[in-house]
Amino acid sequence: MNKIYVVGIGPGEYEQMTIKAANILKSCDVIVGYTVYVDLVKEHFSDKEFLTTPMRKETQRCELAFEEARKGKTVAMICSGDAGVYGMAGLMLEIGVNYPEIPVEVIPGVTAATGGAAVLGAPLIHDFALISLSDLLTPWEKIEKRLLAASEADFVVCLYNPSSKKRHDYLKRACDLMLRYKRPETVCGTVRSIGREGQEMEVLTLAELAEKEVDMFTTVFIGNSQTKNIDGKMVTPRGYRYE
Ligand code: SAH
C-alpha cells in the first residue's frame with residue numbers, strides 16, 4: 001500500500017522503541033533515514049530495503065520517501081527520538097502537499113529529553129522549556145531571547161544541539177545568559193549517548209556547566225530554583241508548595 005509512516009525510533013537502544021514503531025518497521029517495505037539512524041535499526045529489520053541520505057539533505061530524503069511510496073510501497077521514514085521533536089514529521093507533511101494521494105502518519109517515540117531525564121533521575125517533573133542551540137534554522141537572537149525568557153520564568157531548561165564543531169562555545173554563551181536569572185549553584189545535568197553504547201551522565205552546577213565541553217550527542221538539563229542533587233540524581237520537586 002502506498003503510505004508513509006514517519007517513525008520516532010527512540011534515543012537508541014531497541015528496547016526504547018515503542019511496540020507500534022517496531023511493528024511498523026517490521027511490516028513496511030522500505031526504511032528511509034539518515035545513515036546513523038539506519039545503522040541503529042538495521043540488525044533488527046535486516047530483511048528490509050534501506051535507503052539513506054546524509055545529514056542536511058532532509059528535503060531530498062523526504063522526496064525519496066514519497067517517490068518510493070508512489071511505486072506502491074509502504075515506507076517508514078525514521079527519526080531518532082520523537083519524529084515530531086526537531087524531527088522529520090513537519091517537513092514530511094509540508095512536502096506531502098505535493099503528493100496528495102499518499103497518506104502520511106506520524107508515530108511518536110521517546111525523545112532525548114525524557115530518555116535523558118530518566119537517566120539523570122527526575123529533572124523535568126515540573127514545567128520545562130525545550131530549546132535547541134542550533135542556529136542553522138533559528139536566528140541566534142531568537143534563541144537568546146528564549147533562553148532569557150525561560151530562565152526569568154524559572155523553567156527547567158532542556159537543551160538540544162548544545163554544541164557542534166562550528167558552535168563549540170554556544171553552551172557557555174547559553175549558560176552565561178541563564179546566569180542572569182539562575183543561581184550559579186543551580187543543579188544541572190548532562191547525558192551523552194542516551195540508550196546507546198557508552199552512555200554517560202553527570203550532575204553538576206550551572207557554574208560548572210558553563211565551563212564544560214559537550215558534543216552534539218549530548219542533551220543538557222538546567223534545573224529550576226527548586227531542583228536538587230539527591231545522591232547524584234537530578235531531581236526537581238513536583239511543585240513549589242514547600243518552598
Ligand atoms: N528527534 C530527536 C531530536 C533531534 S535534535 C529526539 O526527539 O530526541 C538532535 C539533538 O537531540 C542532539 O544534538 C542531542 O542534543 C539530542 N539527542 C538526540 N538523541 C540523543 C541521544 N541518544 N543521546 C543524547 N542526546 C540526544
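Above: the structure in question.
Note that residues are indexed from 1 along each chain, following the sequence as it is written. The predicted nature of this model means local features are confined to residues of pLDDT at least 70 and side-chain atom pairs, given and counted, to a pLDDT of 80 or more, with totals for whole chains, interfaces and linings taken over all residues. Side-chain numbers here rest on the full set of heavy atoms in the structure, without hydrogens or water.

### What to know about the sheet that holds strand β6 (residues 121–122)
Next up, step 1: Note on pairing: two strands pair once DSSP finds at least 2 bridges between them. Helix and strand definitions here come from DSSP, where helices need a minimum of 4 consecutive H or I residues and strands a minimum of 2 consecutive E residues; each element is numbered from the N-terminal end. Strand order in the open sheet made by the three strands is β6-β13-β12, with mixed pairing throughout. Looking at which strands have only one partner, the edges of the open sheet turn out to be β6 and β12 (228–230).
Next up, step 2: When β6 meets strand β13 (residues 233–235), the two strands line up parallel, connected through two bridges. Bridge assignment links Gly121 to a residue of β13, and that residue is Met234.

### What about the pattern of salt bridges?
Next up, step 1: Definition used for salt bridges: Asp or Glu carboxyl oxygen within 4 Å of a side-chain nitrogen of Lys or Arg. Under the counting rule described, the total for this entry stands at 12 salt bridges.
Next up, step 2: Close ionic contact of Glu105 with Lys20 constitutes a salt bridge, the shortest N to O distance being 3.9 Å. Residue Glu105 is located in strand β5 (residues 104–107), and its partner Lys20 is located in helix α1 (residues 19–27); the two are separated by 85 residues in the primary sequence.
Next up, step 3: Judged by relative accessible area, Lys20 falls into the partly exposed class, the value being 47%.
Next up, step 4: With a closest N to O distance of 3.9 Å, Arg173 and Asp169 form a salt bridge.
Next up, step 5: Each of Glu49, Glu68, Lys71 and Lys73 takes part in a single network of salt bridges with overlapping partners. We call a residue buried when its accessible area falls under 20% of the maximum for its residue type, exposed when it is over 50%, and partly exposed in between, using a 1.4 Å probe and counting protein chains only.

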